[in-house]
Amino acid sequence: MVARRAAAALAVALALVAGTTLTALPERSEAFPVPSLLSDASWREALDVPVTTAEQDAAWLAAGTVPGTGGPWEPVVRQALLDVRSLTTANGAVAAGPAPKWAYAWPRDSAFAAAALSATGHRAEALRVLGFLADVQLDDGGFEARYLLDGSGTPDGRDRQADGAGWALWALGEVLDDAPTRAQALRDLLPLRGLLTSATRFALEATDGGTELPEASPDYWERDEAELTLGTVAPLLAGLRASARLQPLLGEHATARRLEEAADSLEELLHAEFGPTGYLRYADPDVETGGVDAAVALLLPPFAPRVPAAPVLAAFDDYQVRALRPAGGLAPGAGWKADGVSWTPEVALVALAAASSGRDGQAAHWLDWLAAHRTAWGSLPEKVTADGSPAGPAPLGWTAASVVLAVAALDGGGPTTAR
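Residues numbered from 1 in each chain as written. Predicted model: local features only at pLDDT ≥ 70, side-chain atom pairs only at ≥ 80, totals over all residues. Heavy atoms only, no water.

Chemist: Quick one: what's the story with the sheet that holds strand β3 (residues 390-391), residue by residue and with numbers?
Modeler: With antiparallel pairing, 3 strands are arranged side by side in an open sheet as β1-β2-β3. Across the chains shown, the open sheet's two edge strands, defined by having one partner strand only, are β1 (342-343) and β3. (Pairing = 2+ DSSP bridges. Helix = DSSP H or I, 4+ residues; strand = E, 2+ residues; numbered from the N terminus.)

Chemist: Can you explain helix α5 (residues 107-119)? Please cite residues and give values.
Modeler: Side chains that are three or four residues apart share a direction in an α-helix, a result of its 3.6 residues per turn. The end-to-end C-alpha distance of α5 is 18 Å, a good match for the 18 Å that 13 residues give at a rise of 1.5 Å each. Elements that come into contact with the buried residues of α5 comprise α3 (54-62), α4 (74-87), α6 (123-136), α7 (163-177), α13 (344-356) and α15 (397-412). Backbone geometry just downstream of α5 places Gly121 in the positive-phi region, at approximately 90°. (Expected span 1.5 Å × (residues − 1). Contact = heavy atoms within 4.5 Å.)

Chemist: Provide a residue-level description of the packing of helix α14 (residues 360-372) against α15, including the pertinent values.
Modeler: With their axes 11 Å apart at the nearest point, α14 and α15 run at an angle of 140° to one another. At the point where α14 passes α15, the crossing takes the left-handed sense. From α14, Asp360, Ala363, Leu367 and Leu370 reach across to α15, where they touch Thr399, Val403, Ala406, Val407 and Leu410. For the contact of α14 with α15, the residue count by class is 7 nonpolar, 1 polar and 1 charged. (Axes fitted to C-alpha atoms, helices over the stretch in contact; angles between N-to-C directions. Left-handed = near helix turned anticlockwise from the far one by under 90°. Nonpolar A, V, L, I, M, F, W, Y, C, P; charged D, E, K, R; others polar.)

Chemist: How would you summarise the nonpolar core if you had to cite specific residues and measurements?
Modeler: The biggest cluster of nonpolar side chains holds 126 residues, and the ones touching the most others in it are Phe112, Leu130, Trp170, Tyr279, Val296 and Phe303. By residue number, the principal contributor to this core is α15, which donates 10 residues. Ala96, Ala99, Tyr104 and Trp106 belong to the second-largest nonpolar core, a separate cluster that totals 6 residues. (Core = buried A, V, L, I, M, F, W, Y, C linked by side-chain atoms within 4.5 Å. Buried < 20%, exposed > 50% of the residue type's maximum accessible area, 1.4 Å probe, protein only.)

Chemist: Tell me about the packing of aromatic side chains, and name the residues and values.
Modeler: To describe a pair of aromatic rings, you give the distance between the ring centres and the angle between the ring planes. With the rule as written, the count across this model stands at 11 aromatic pairs. Look at Phe112 and Phe303: their rings are 6.0 Å apart centre to centre, the planes differ by 50°, and that puts the pair in the tilted class. Taken as a pair, Phe112 in helix α5 and Phe303 in the loop between α11 (253-274) and α12 (310-322) lie far apart in primary sequence, 191 residues in all. Like Phe303, Phe112 is buried. Residues Tyr220 and Trp398 carry aromatic rings whose centres are separated by 6.2 Å and whose planes lie at 80° to one another, so their mutual orientation is edge-to-face. Of the two residues, Tyr220 sits in the loop between α9 (193-206) and α10 (230-246) while Trp398 sits in helix α15, which places them 178 residues apart along the sequence. One exposure class covers both Tyr220 and Trp398, and it is buried. Geometry around Trp398 places Arg108 over its ring, the cationic atom sitting 4.3 Å from the centre. Taking NZ or CZ as reference, Arg281 lies 3.7 Å from the ring centre of Trp221, over its face. (Phe/Tyr/Trp six-rings, centres within 6.5 Å; stacked < 30°, edge-to-face > 60°. Lys NZ or Arg CZ within 6 Å of the ring centre and 35° of its normal.)

Here it is, written out as structure tokens:
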């Protein structure tokens, strides 16, 4: 009851900011099983990754930076960084989490891990993650939904996800932007030029050079889609922007201009299609599982070059109201099943977008919530049940990486602008 009252209070506050009408918080249905915690403090042994000593952990952290040092989020960031490191194998594959169904490498999760490692000074590990993506990239420049950690293929016949190329390009841009010098950025890019070129080609072909929206594809909801989702378009747009930014390193100035034009065109199409109904998951508001969706965060920095216009920000705020769950976290979207479960990747994604867009108070709220819902050993779980208990695999790499990036953005101060 206390958690629900706190969630309701937050919803009221966010509703005032967003200018929306508050709707009732969804209740957990007994038709849905309550998820449980799928890992414990010995998760590294279960995942068969090296178990490091406290001294080794301290030395690794000291070799880079820990965002939020001296502040309230230092403990969660330290643990999140160590968890990302432990989930990253020697060949650069990043396990999503320490449980059988999560012990695979998703391009999206890998992209966030690479960005977090790079942002904290662990450049060699970040480049290794990008190298894994380059190794498993398909001939058309796209990616499978997920990969076996040894890079030998996929675990099943799950449909591909078109967003993978966009995530790879976005991460490549983030990592190379972190290079200490332009010369270093070029040296790091040359071994990954194939990743850049092929993923860019895929994004261009998927959007006909930015003149068409891509076809429907599964996105981070991990399910088949008959309708195009915002979660597919936005990463491809972010990828085109990143590729355009990187082309001058290779002397490809004409290509950079062409990609900027394609990205501008695709962005116009995105706003024309999704804007009139408030940037919902689907452009068609009548799709039953639609509603406002966490993917609206992908239209804010650090995925976009600048803070967007008011309608996008209103949708961003609206999502945080309509997807609120009893424990105070968020569902992936307003149309997600009413099972009462909060999902930490979406909460962390909102914190990152808010922190990168000058919305420090909003980011702080979600970071506080995440910090308060860790496991007993300090890792961030995938889910939080209606009563506030951690559930699913813990740690979850996507959540951990996003928290690191969010606190780093707050440390940087001010909204992100084009680099």
